[in-house]
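Report on the structure
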Amino acid sequence: MTPQQALQMAQQRPEIGRLLSERLRESGMTPDEIRSRLRAAGYSGSMLDQFLTRDTVGIPAPTQATLQAISLLGLAQFSMEDSLLLTQDTLGWRLFRDSLRTDSVIRRDSVLKAVGRLQLFGLDVFRKATTQFAGIVNGPVDDTYRLGPGDVLVLILTGEVEAAHTLEVTREGFIVIPEVGQVFVSNLALGQLRSVLYDRLGRIYSGVTRAQNAKTKFEVTVARVRVLTVRVAGDVARPGAYQVAATAGVLSALYEAGGVTERGNFRAVEVRRGSELIGTVDLYDYLLRGSTPANVRIDGGDVVFVPVRGARVKINGAVTRPAIYEVKPTETLRDLIRIAGGLTPEAEATTVTIDRILPPSERPAPGRNRTVITADLQAALDSTKAPVPLAAGDSVTVFGISGGRTQSVAIEGSVWHPGAYRLDAGMRLSDLIRIAGGTRPETYRGRAQILRVRPDSTREMIGAALDSGDDPPLREQDQVTIYARTDFRPLRYVGVYGAVKNPGRVAFADSMTLKDAILMAGGVTEVADLTEAEVARLVLDRTGAGDSIATALKVPLDSSFVGDPTGYISRPAGNAGPIIRLAPYDNILVKRLAGFESAREVVLSGEVRSPGRYTLRSKNERLSDLIERAGGLTPQAHPDGVRFFRAAATGTTAWRGARTPVRDSTGRVRPGARLPSDSMPPKWSATMDRVGLDLARVLKNNRDKDNIVLAGGDSIFIPAYSPIVRVEGSVNSPTSVTYRPGAGVSYYVDAAGGYARLAFKKGTFVQQPNGAIQKRGEPGAGAVVVVPEREAAPPSQFSLAAVLGLVGQVISAATTIAVIIVTR
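Since we're looking at a predicted model, the values are computed, not measured. Throughout, residues of each chain are indexed from 1 in the direction in which the sequence is written. With pLDDT at 70 or above as the cut-off, local features in this predicted model cover only qualifying residues; side-chain atom pairs require 80 or more to be listed or tallied, and sums for whole chains, interfaces and linings still use all residues. Water and hydrogen atoms were dropped before computing side-chain values, which therefore reflect all heavy atoms in the structure.

**Notes on the overall build of the chain**
Secondary structure elements follow DSSP: runs of H or I of four or more residues count as helices, runs of E of two or more count as strands, with numbering from the N terminus. Within the chain one finds 16 helices and 39 strands. Working definition: with a 1.4 Å probe on protein chains only, accessible area under 20% of the residue-type maximum means buried, over 50% means exposed, and in between means partly exposed. Out of the 824 residues belonging to the chain, those deemed buried represent 38%. Throughout, a residue-residue contact means that at least one pair of heavy atoms, one from each residue, lies within 4.5 Å. Intrachain contacts of the chain at a sequence separation of at least 6 include 60% that bridge at least 24 residues. When the accessible surface of the chain is totalled, it reaches about 45,900 Å², and 52% of it is carbon and sulfur. Using a 1.4 Å probe, accessible areas were evaluated by the Shrake-Rupley method; residue-level cover was limited to the displayed protein chains.

As structure tokens, this is what we get:
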């Protein structure tokens, strides 16, 4: 979406104004802070007042100036690189402010995290819009703040003289104090100004002195700081000129410009004033310690320049922040580990490896351009030892600890507290079981297993019966397993299927009855036949059973099987029968009521008098019957353009991208199937079958063959008359053409610029507005003329250049033969 399209969409949808109002209230800024930032940027302070109210009724759609102002506040980027992205979901229209560039970075970083690749440290810090470094427009400043044109000061005199003056620094750098005159303050620090005012005010007011008991005292403060225009250049996301408060620093300018790019330098950001280098800023001071550069102040016209990156190295493994870091020439391995947050507790602080790219002069042979350096990690971290230097492209790996636990044993299975425990001197199996809380009641006491690893790494299994008095001693790394009797029992179940709420298998328990199993399956549904159910039981005794594998038992049900016996469906309740006890692996089938069907629904929309979702009254209800129930068509209806959709014959459909079973083997709509709703757009989906029929004939004669019997899930849309014919496919200019009665296909193709070069003219067909496909015929109003494209011809086996080359060879050979014959 282009910025112009986003602006047009925002202006066409009034709810966008309400969402912008919510975004402003959620920004954390007070209305006064928002107005101050707008005035500092040259906008009217009341520009966004209509979006700051809590009454969302009547909020207008945003204009381009409004969007630009909101972009200034960091709530929505709107430029050639940043789009106002709008997406539709079930909750309405949401406004996403992240720029296209930021979105791509976030997506890339997410992919890098997913595959475990290292990221460049600090790259994502400046990506998100923020107001934290916008600079203080209103509020106190320190004594080192240098004054300039545009600053507003407040001078307060107390004592023998009571007065207060608001003084704005003029373009020439002066302030004008009543009864004192003008005072030059440009480029003076606020602390220096106080010293100057002692002299100037003392000339007029005798009580103004530097003494502690002066009869007249004064205080001067900065009420509003000026706004500066600084340029940000180099490797930043959005180079350009930006307006920032005079109290802002380099960080504010970088935030405004979207931050440093992947190619930028994080360690030496330059501030230039004209041709002079004012100072450099190391962004790692801010990223690692939160320290803002106080020694470098920017002024109007300054350039914040981000040069190309310096040397970068990778560090991975057992450090707090594995990442790619930029290092200065004087920084060593010790500094890199400190920048990475230090070692983690899992670090094996003995050895570290450095994968290094050899300088060209040190490469022994082509293809052997790297080497591995092994360093003592403890010595590298010791400030008294020689440091380990780094080079551009180094990849440092800090290994983590490996191997199992020392002086430990583990126990699992049928004990109260399985896990790993310390191996004490003389510990035996019974001691470990006691420490683990003892055995459970279901413990199998016939045998416990001890898995032991010998010194040669082979395994040994030691068994001991828990009640035999055999109590073997334990060794380091032994793994003890205590079994439960339930571990060896088969998993017994019964199956409950048919007209129950949760059909499937349920766990079997001794003395389980039929009612227990049905209740565990959620109970019967409203379509259950309570006359009888069928229980299929395996034939366990195969003697004389022949080919029989199961027997079927007919058992009666009663109304007590229904959770709410006052259901709305009338059905026979059945007589209460005996209690049926189940056996393992029984299969229970609760039958459905004969002839019962769920309601069949169809959707009728468009130009009918009463559109909506209708329930079919019978299995034989037809299209004309439904239109008659809806009150007929409106005068604007176009019957020839009817769009009739039916679920695909495969039994599945994908409406709005969701693939959901629609019909079962009987043709009924499956429970839970997603059907077209009244609010669905009048636009058919390729995964639904469109049925072509002539509605005009059906309305005249209800015995017409197109007056088909409706089925659940059908969707009928009747459009308004549209005198347009669409021409698509392989034409020079696909377009819509005004309908002309009696005109053929060639008329509409010519109106679309004629056939394209690869057009398959004989394959041209017409899709009439009712969905019928015709090879020939007159397109009706609302029809679509489709010109398919023929397959490109396969490339010739011999190209023209090859043929000419072969001819040239033949001529050359013939000439040579002729010369030889002549010379003889």
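And the narrative resumes.
**As for the nonpolar core**
Membership of the largest hydrophobic core comes to 52 residues, with the highest contact counts inside it found for Val250, Leu254, Leu283, Ile315, Tyr325, Leu333 and Leu336. The biggest single contributor to this core is helix H7 (residues 250-256), with 5 residues. Those residues within four positions of Val250 in sequence are excluded, and the remaining contacts are Val269, Val271, Val281, Val296, Ile298 and Val304. Residues enter a nonpolar core if they are buried and are Ala, Val, Leu, Ile, Met, Phe, Trp, Tyr or Cys, with the set joined through side-chain atoms within 4.5 Å.

**Quick look at the sheet that holds strand E36 (residues 735-738)**
Strand order in the open sheet made by the 5 strands is E36-E35-E39-E37-E38, with mixed pairing throughout. The open sheet has two edge strands with one neighbour each: E36 and strand E38 (773-774). DSSP-based pairing: two strands are paired if at least 2 bridges between them are found. Of the pairings in the sheet, the one linking strand E37 (residues 765-767) to strand E39 (residues 784-787) comprises 3 bridges and is antiparallel in character. Bridge pairing in E39 places Val766 opposite Val785.

**A closer look at the environment of Gly641**
The topology assignment puts Gly641 in the loop between helix H13 (623-629) and strand E30 (643-646). Judged by its relative accessible area of 2%, Gly641 falls in the buried class. If near-sequence neighbours (up to four positions away) are discounted, Gly641 is found in contact with Arg690, Phe717, Pro719, Pro769 and Asn770.

**Some thoughts on the sheet that holds strand E15 (residues 347-357)**
Taken together, the 5 strands give an open sheet; going across it, the order is E14-E13-E17-E15-E16, and neighbouring strands pair in mixed fashion. Of all the strands in the sheet, just strand E14 (323-326) and strand E16 (370-376) have a single pairing partner and so form its edges. Direction aside, neighbouring strands of the sheet carry axes that sit 25° apart on average. Relative to strand E17 (residues 395-400), E15 is paired through 5 bridges, and the arrangement is antiparallel. When the sheet's bridge partners are listed, Ile354 is paired in E17 with Val396. Here an axis means a line fitted to C-alpha atoms, over the contact stretch when the element is a helix, while the angle between two N-to-C directions is reported on a 0 to 180 degree scale.

**Some words on unusual backbone geometry**
The phi torsion at Ser457 lies on the positive side, around 75°, for a residue other than glycine. The residue Ser457 is located in the loop between strand E20 (443-453) and strand E21 (459-464) in this model. Of note, Tyr585 is a non-glycine position whose phi angle comes to about 75°, a positive value. The residue Tyr585 is located in the loop between strand E26 (550-555) and strand E27 (587-592) in this model.

**Some points on the packing of aromatic side chains**
Each aromatic ring pair is characterised by the separation of its centres together with the angle its planes make. Aromatic contacts are taken between Phe, Tyr and Trp rings whose centres are within 6.5 Å, Trp giving its six-membered ring; a plane angle under 30 degrees counts as stacked, one over 60 as edge-to-face, and the others as tilted. Inspection of every chain in the model, using the stated rule, returns 8 aromatic pairs. On the basis of an interplanar angle of 80° and a centroid distance of 5.2 Å, the ring pair of Tyr493 and Tyr585 is categorised as edge-to-face. With a gap of 92 residues between them, Tyr493 in strand E23 (residues 493-498) and Tyr585 in the loop between E26 and E27 connect regions that are remote in the sequence. Ring centres 5.0 Å apart and planes at 80° place the aromatic pair Tyr747 and Tyr748 in the edge-to-face group. Members of the aromatic cluster, connected to one another through ring pairs, are Phe121, Tyr284 and Tyr325. We note Arg740 situated over the ring of Tyr747; from NZ or CZ to the ring centre the distance is 5.1 Å. Two thresholds decide whether a charge sits over a ring: the Lys NZ or Arg CZ must be within 6 Å of the ring centre and within 35 degrees of the ring normal.

**Structural notes on the side chain of Thr634**
Turning to its location among the elements, Thr634 is positioned in the loop between H13 and E30. Within the structure, the side chain of Thr634 is placed 2.8 Å from the side chain of Glu607, a separation counted as a polar contact. Not counting chain neighbours up to four residues away, the residues in contact with Thr634 comprise Glu607, Val608 and Arg609. The term polar contact refers here to a pair of N or O atoms within 3.5 Å; inside protein, the definition further demands a hydrogen-donor-capable atom paired with an acceptor-capable atom, and it admits residues adjacent in sequence only when both atoms are side-chain atoms.

**A look at the pattern of salt bridges**
For this document, the term salt bridge refers to a Lys or Arg side-chain nitrogen within 4 Å of an Asp or Glu carboxyl oxygen. Summed over all chains, the structure comprises 34 salt bridges. The salt bridge involving Asp394 is made with Arg356; its shortest N-O contact spans 2.8 Å. Remark: Arg356 occurs in strand E15 and Asp394 occurs in the loop between helix H10 (377-381) and E17; sequence separation between them is 38 residues. Asp394 gets classed as buried once you look at its relative accessible area, which sits at 0%. Its relative accessible area of 16% is what places Arg356 among the buried residues. Look at the salt bridges and you will find they share partners, linking Asp694, Arg697, Asp704, Lys705 and Asp706 into a network.

**Structural notes on the environment of Glu532**
Relative to the elements of secondary structure, Glu532 occurs in strand E25 (residues 528-538). A sequence separation of 26 residues divides Glu532 from Asp558, and the C-alpha atoms of the two residues are 8.5 Å apart. Those residues within four positions of Glu532 in sequence are excluded, and the remaining contacts are Lys554, Val555, Pro556, Leu557 and Lys591.

**Here we look at the confidence of the model for the chain**
The quantity called pLDDT is the predictor's confidence in a given residue, expressed from 0 to 100. On average, residues of the chain carry a pLDDT of 79, and 76% of them reach 70 or more. The secondary structure element of the chain with the lowest average pLDDT is strand E2 (residues 92-96), at 34, and the one with the highest is strand E22 (residues 479-484), at 95. In this model residues 565-574 is a low-confidence stretch, pLDDT under 50, and it forms 21 contacts with partners more than four residues away in sequence or in other chains. With pLDDT under 50 throughout, residues 650-686 is counted as low confidence; its partners more than four residues away or in other chains account for 68 contacts.

**A few points about the side chain of Arg312**
Tracing the backbone shows Arg312 in strand E13 (residues 312-317). Judged by relative accessible area, which is 10%, Arg312 ranks as buried. In this structure the side chain of Arg312 is engaged in a polar contact, spanning 2.7 Å, whose partner is the backbone oxygen of Gly264. Not counting chain neighbours up to four residues away, the residues in contact with Arg312 comprise Leu120, Glu262, Arg263, Gly264, Phe266, Ile324, Tyr325, Glu326, Ala392, Gly393 and Asp394.

**Notes on helix H6 (residues 190-204)**
Every α-helix carries 3.6 residues per turn, so stepping three or four residues along brings you back to the same face. A helix is expected to reach a length of 1.5 Å times the quantity of its residues less one. End to end, H6 covers 21 Å across 15 residues, agreeing with the expected 21 Å (1.5 Å per residue, within 8%). In the structure, H6 departs most strongly from a straight axis at Leu197, where the bend amounts to approximately 25°. Every buried residue of H6 is accounted for by Leu190, Leu193, Leu197 and Leu201. Those residues of H6 hidden inside the fold are in contact with strand E3 (152-159), strand E5 (174-177) and strand E7 (216-224). Bend at a given residue is defined as the angle between two axes, one fitted to the seven residues that end at that position and one fitted to the seven that begin there.

**Here's the deal with the environment of Arg35**
For Arg35, the position within the fold is in helix H3 (residues 31-40). Taking relative accessible area as the criterion, Arg35 reaches 23% and is therefore assigned partly exposed. As for Arg35 and Ser46, which are separated by 11 residues in sequence, their C-alpha atoms are 6.5 Å apart. Not counting residues up to four positions away in its chain, the partners in contact with Arg35 are Gly45, Asp49 and Leu52.

**Considerations on the pairing of strand E29 (residues 612-615)**
In this sheet, E29 lies alongside strand E28 (residues 601-606) in antiparallel orientation, the contact comprising 4 bridges. Of the residues in E29, the one forming a bridge with Leu604 is Gly612.

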